[in-house]
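Okay, here's what each chain looks like letter by letter:
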Amino acid sequence: MEQDKLSKVIEAAKLYYLLDYNQNEIAKILGVSRPTVSRLLQQAKSEGIVQITIMDPTENVESLAAQLEKKFHLKKAIVASIPQYEDHIIKNYLGEKAAAYLDSIVKENDIIGVTWGTTLYHIAIELKQKFAKNVKVVQLKGGVSHAETNTYASEILYLFGKAYNTTPLNLPLPAIVDHVVVKQAMEADRHIRRILELGKQANIAIFTIGSIKTDSLLFQLGYFTDSDLDSLYGKAVGDICSRFFDKNGQICNESLNERTLGVNLDVLSQKEYSIVVAGGPNKIEGIYGALTGKYANVLITDQFTARFLLDK
């Protein structure tokens, strides 16, 4: 196959199978017709560039969890058996598993650091009331945005506070600001500094992976300049606490990272429980990068994503 055509076949396959673009969108990106995209995808399968495996939902999730723990040196892996590989279904099941896991580990005097977003909201609504003395809940990253898109930050904090009988501490700041000096000024405030310090002290952190897609929550909040976006596309595989990393878990854009308000990724790797809750085709690369970077020691995911991670 000619090199130019091979490149188009591979690019079309990546856009369709990994990034979830539809055939019309791919046709516009590649500058070809939709039928041509269909032929490119068919060729990707016939040439063995794309190999489709059907995952059995009844596969032994305990076995998958044990394999994940071994491969990524995790303290704990929990695999939910889901009936369909669809985003809203995945979040429902993972929310239930994560809430149950928190119920099993939270004890008196714990400090729980939480982020925001739809995955965390699904966890929050599943939490059971637990009577453990002196538990604190703190927000790990800013949640104020320039857009009307709901981050669920206040709802998540309220529900976590209610479950653990405490008044949660929110970080009343944007996740990302335009200039480093703005961030430095905010961090100099003693009230803000106290909340950030408590986030560092948290022995439990629970978070998800953001995907690198224009329709993902963080990208809808108006934080990014065109220059920021250019630095992320094609390099970043995901974000944790609005800090973007590549496939090896390395920070992608230091300038953007320095303008981000909230917990640093190296702090997460030192937690007693650093819990990442994520699943779905758009999160596979991000989860892999996060685990490679050692930012989490507990993984809660679904059986399809687990298999993809084990096969990488």
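Residues numbered from 1 in each chain as written. Predicted model: local features only at pLDDT ≥ 70, side-chain atom pairs only at ≥ 80, totals over all residues. Heavy atoms only, no water.

## As for the pattern of salt bridges
Pairing is possible between side chains that carry opposite charge, provided their charged atoms lie close to one another.
Moving on, step 1. Enumeration according to the criterion identifies five salt bridges in this entry.
Moving on, step 2. A salt bridge links D87 to K91; its shortest N-O distance comes to 3.2 Å. Of this pair, D87 and K91 are both found in helix 5 (residues 87-105), four residues apart, which corresponds to roughly one turn of the helix.
Moving on, step 3. The class for D87 is partly exposed, based on a relative accessible area of 43%.
Moving on, step 4. The partner of K107 in a salt bridge is E272, and the shortest N-O contact between them spans 3.9 Å. Here E272 lies in the loop between helix 12 (265-268) and strand 7 (273-277) and K107 lies in the loop between helix 5 and strand 2 (111-114), a separation of 165 residues in the sequence.
Moving on, step 5. Residues participating in the shared-partner salt-bridge network are K107, D110 and E272. (Salt bridge = Lys/Arg side-chain N within 4 Å of Asp/Glu carboxyl O. Helix = DSSP H or I, 4+ residues; strand = E, 2+ residues; numbered from the N terminus. Buried < 20%, exposed > 50% of the residue type's maximum accessible area, 1.4 Å probe, protein only.)

## Describing the packing of aromatic side chains
Moving on, step 1. The final tally for this structure, using the stated rule, is eight aromatic pairs.
Moving on, step 2. Judged by centre distance (4.9 Å) and plane angle (85°), the rings of Y16 and Y17 are edge-to-face.
Moving on, step 3. On the accessibility criterion, Y17 (31% relative accessible area) is partly exposed.
Moving on, step 4. Connected via pairs of aromatic rings, a cluster forms that spans Y85, F304 and F308.
Moving on, step 5. Above the plane of the ring of Y288 lies K312, whose end atom (NZ or CZ) is 5.0 Å from the centre. (Phe/Tyr/Trp six-rings, centres within 6.5 Å; stacked < 30°, edge-to-face > 60°. Lys NZ or Arg CZ within 6 Å of the ring centre and 35° of its normal.)

## Brief notes about the nonpolar core
Moving on, step 1. With 43 residues, the main nonpolar core has L102, I112, F160, Y164, I206, I275 and I300 as its most contacted residues.
Moving on, step 2. Of all the secondary structure elements, the ones that give two or more residues to this core are strand 1 (76-80), helix 5, strand 2, helix 6 (118-124), helix 7 (153-163), strand 4 (204-207), strand 7 and strand 8 (298-302).
Moving on, step 3. Counting residues per element, this core draws most heavily on helix 5, which supplies seven residues.
Moving on, step 4. In terms of nonpolar packing, the next biggest core, distinct from the first, is built from 32 residues, A77, V263, A296 and A306 among them. (Core = buried A, V, L, I, M, F, W, Y, C linked by side-chain atoms within 4.5 Å.)

## With respect to a nonpolar patch on the surface
Moving on, step 1. Residues Y17, L18, L19, Y21, I29 and I52 make up a contiguous nonpolar surface patch of roughly 520 Å² in combined accessible area.
Moving on, step 2. Position of Y21 relative to the elements: it lies in the loop between helix 1 (3-18) and helix 2 (23-30).
Moving on, step 3. The class for Y21 is partly exposed, based on a relative accessible area of 30%. (Patch = residues over 30% accessible without salt bridge, like charges linked within 9 Å, V, L, I, M, F, W, Y side chains within 5 Å. Areas by Shrake-Rupley, 256 points an atom, 1.4 Å probe, with all protein chains shown as cover.)

## Details of helix 14 (residues 303-311)
Moving on, step 1. Of all the nine residues making up helix 14, seven are buried; the element is thus mostly covered by neighbouring parts of the structure.
Moving on, step 2. Residues Q303, F304, T305, A306, R307, L309 and L310 constitute the buried set of helix 14.
Moving on, step 3. Along its buried surface, helix 14 packs onto helix 4 (61-72), strand 1, helix 13 (284-292) and strand 8.
Moving on, step 4. Two or three places before F304, at the opening of helix 14, D302 has a side-chain oxygen 3.0 Å from that residue's backbone nitrogen. (Contact = heavy atoms within 4.5 Å. Polar contact = N/O pair within 3.5 Å; in protein donor to acceptor, adjacent residues only side chain to side chain.)

## Some remarks on the sheet that holds strand 2
Moving on, step 1. Strands sit in the order 1-8-7-4-2-3 across an open sheet of six strands; the sheet is parallel. With one partner strand each, in any of the chains shown, strand 1 and strand 3 (136-139) form the two edges of the open sheet. Going across the sheet, the axis of each strand differs from the next one's by a mean of 15°, ignoring polarity.
Moving on, step 2. Along the sheet face, helix 5 touches strand 1, strand 4, strand 7 and strand 8 and points at about 150° away from the line of strand 8.
Moving on, step 3. Helix 9 (residues 190-201) rests against strand 2 and strand 3 of the sheet, and its axis sits at about 115° to strand 3. (Pairing = 2+ DSSP bridges. Axes fitted to C-alpha atoms, helices over the stretch in contact; angles between N-to-C directions.)

## So, the pairing of strand 7
Moving on, step 1. In terms of burial, strand 7 is largely enclosed, as five of its five residues are buried.
Moving on, step 2. What you see with strand 7 is no split at all: Y273, I275 and V277 on one side and S274 and V276 on the other are buried throughout.
Moving on, step 3. Of the pairings in the sheet, the one linking strand 4 to strand 7 comprises four bridges and is parallel in character. If you follow F207 over to strand 7, its bridge partner there is V276.

## Focus on the packing of helix 8 (residues 180-188) against helix 9
Moving on, step 1. Direction vectors running N to C along helix 8 and helix 9 enclose 90°, while the axes themselves pass 5 Å from each other. The angle between helix 8 and helix 9 places the two elements in the roughly perpendicular class. The segment helix 8 lies against helix 9, with M186, E187 and A188 engaging R190, I192, R193 and L196.
Moving on, step 2. The residue makeup of the contact of helix 8 with helix 9, split by class, is four nonpolar, no polar and three charged. (Parallel < 35°, antiparallel > 145°, perpendicular 65-115°, else oblique. Nonpolar A, V, L, I, M, F, W, Y, C, P; charged D, E, K, R; others polar.)

## Regarding the pairing of strand 8
Moving on, step 1. Among the five residues of strand 8, five are classified as buried, and the element is accordingly described as predominantly covered.
Moving on, step 2. The alternating pattern of strand 8 places V298, I300 and D302 on one face and L299 and T301 on the opposite face, and all of these are buried.
Moving on, step 3. Relative to strand 8, strand 1 runs parallel, the two sharing five bridges. By the bridge assignment for strand 8, K76 is matched with V298.

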